[in-house]
Amino acid sequence: MCVTTLSLYACADGFTARYDRDASRYHQGVYKRKRADLTGTLDSTLLPLFVGQLKNLHKVALVSFKAEVVAGLKVDGYNFADVVSKARAAAEARFSDGAREAVVIEGDAAWQWEEELRLLREEVQSVADHLRKDETKKMVNTIEVCGDPAFASAITLIVCVAQL
């Protein structure tokens, strides 16, 4: 029996192949009707697992994105945009690879994962915006401590205006 959702396609394919092998000797009308029943049952059973797998992939990709960005910001001489773009690409690739692997029926509307990828991109952008805001605050605090207070207040004013 199939126990992991990463092999949903293998499960469904294995069940239908076994059915085709064992039941193809019966009357074609009965065979086709029972095969349609089997595929309907497989779809209704495996689709919630697929959706759960997408949600889990979404969470894992988002957590890995945050971790990669935080790790990249600890490196001396980092470029925030480069760190975020590399982490974003890695998170999207991780999600897309896992989603492609979990799809049971290619081309069927029920087995589409692009909407979840769009939601992941929105959340990644939100997290990146939040991290950018934190980095800007950190930069302003560093300027205030190390530099001229008048220069720091001008930077703060520019940052506040840019956020509006």
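Residues numbered from 1 in each chain as written. Predicted model: local features only at pLDDT ≥ 70, side-chain atom pairs only at ≥ 80, totals over all residues. Heavy atoms only, no water.

Side note on the overall build of the protein chain
In step 1: Each helix and strand in the protein chain was counted, giving 5 helices and 0 strands.
In step 2: Reading the helices (α) and strands (β) of the protein chain from amino to carboxyl end gives α-α-α-α-α.
In step 3: Relative to its full complement of 164 residues, the protein chain shows a buried share of 30%.
In step 4: Contacts spanning at least 24 positions in sequence make up 61% of the contacts within the protein chain whose residues lie at least 6 apart. (Helix = DSSP H or I, 4+ residues; strand = E, 2+ residues; numbered from the N terminus. Buried < 20%, exposed > 50% of the residue type's maximum accessible area, 1.4 Å probe, protein only. Contact = heavy atoms within 4.5 Å.)

Quick word on the environment of Asp 43
In step 1: For Asp 43, the position within the fold is in helix H2 (residues 28-73).
In step 2: When its relative accessible area of 24% is taken as the criterion, Asp 43 is described as partly exposed.
In step 3: Remark: the alpha-carbon pair of Asp 43 and Trp 111, spanning 68 residues in sequence, is separated by 9.5 Å.

Describing the nonpolar core
The nonpolar side chains of a soluble globular protein tend to be buried, and buried together.
In step 1: Judged by nonpolar contacts, the single largest core of 26 residues is most densely connected at Phe 50, Leu 54, Phe 65, Val 69, Phe 95, Trp 113 and Leu 120.
In step 2: Of all elements in the fold, only H2, helix H3 (80-102) and helix H4 (114-146) reach the threshold of two or more residues within this core.
In step 3: No other element matches the 9 residues that H2 contributes to this core.
In step 4: Once residues lying within four places of it in the same chain are set aside, the contact partners of Val 69 are Val 83, Val 84, Ala 87 and Leu 131. (Core = buried A, V, L, I, M, F, W, Y, C linked by side-chain atoms within 4.5 Å.)

Examining the packing of H2 against H3
In step 1: It is at 9 Å that the axes of H2 and H3 come closest, and there the two elements cross at 160°. By the angle class used here, H2 and H3 are roughly antiparallel. In this structure, the crossing between H2 and H3 has a hand that is right-handed.
In step 2: Residues belonging to the contact of H2 with H3 are distributed by class as follows: 17 nonpolar, 5 polar and 4 charged. (Axes fitted to C-alpha atoms, helices over the stretch in contact; angles between N-to-C directions. Parallel < 35°, antiparallel > 145°, perpendicular 65-115°, else oblique. Left-handed = near helix turned anticlockwise from the far one by under 90°. Nonpolar A, V, L, I, M, F, W, Y, C, P; charged D, E, K, R; others polar.)

Topic: the environment of Ala 23
In step 1: In this fold, Ala 23 is placed in helix H1 (residues 8-23).
In step 2: Look at Ala 23 and you get buried, because its relative accessible area is 7%.
In step 3: Sequence separation between Ala 23 and Lys 34 is 11 residues; the distance between their C-alpha atoms is 9.1 Å.

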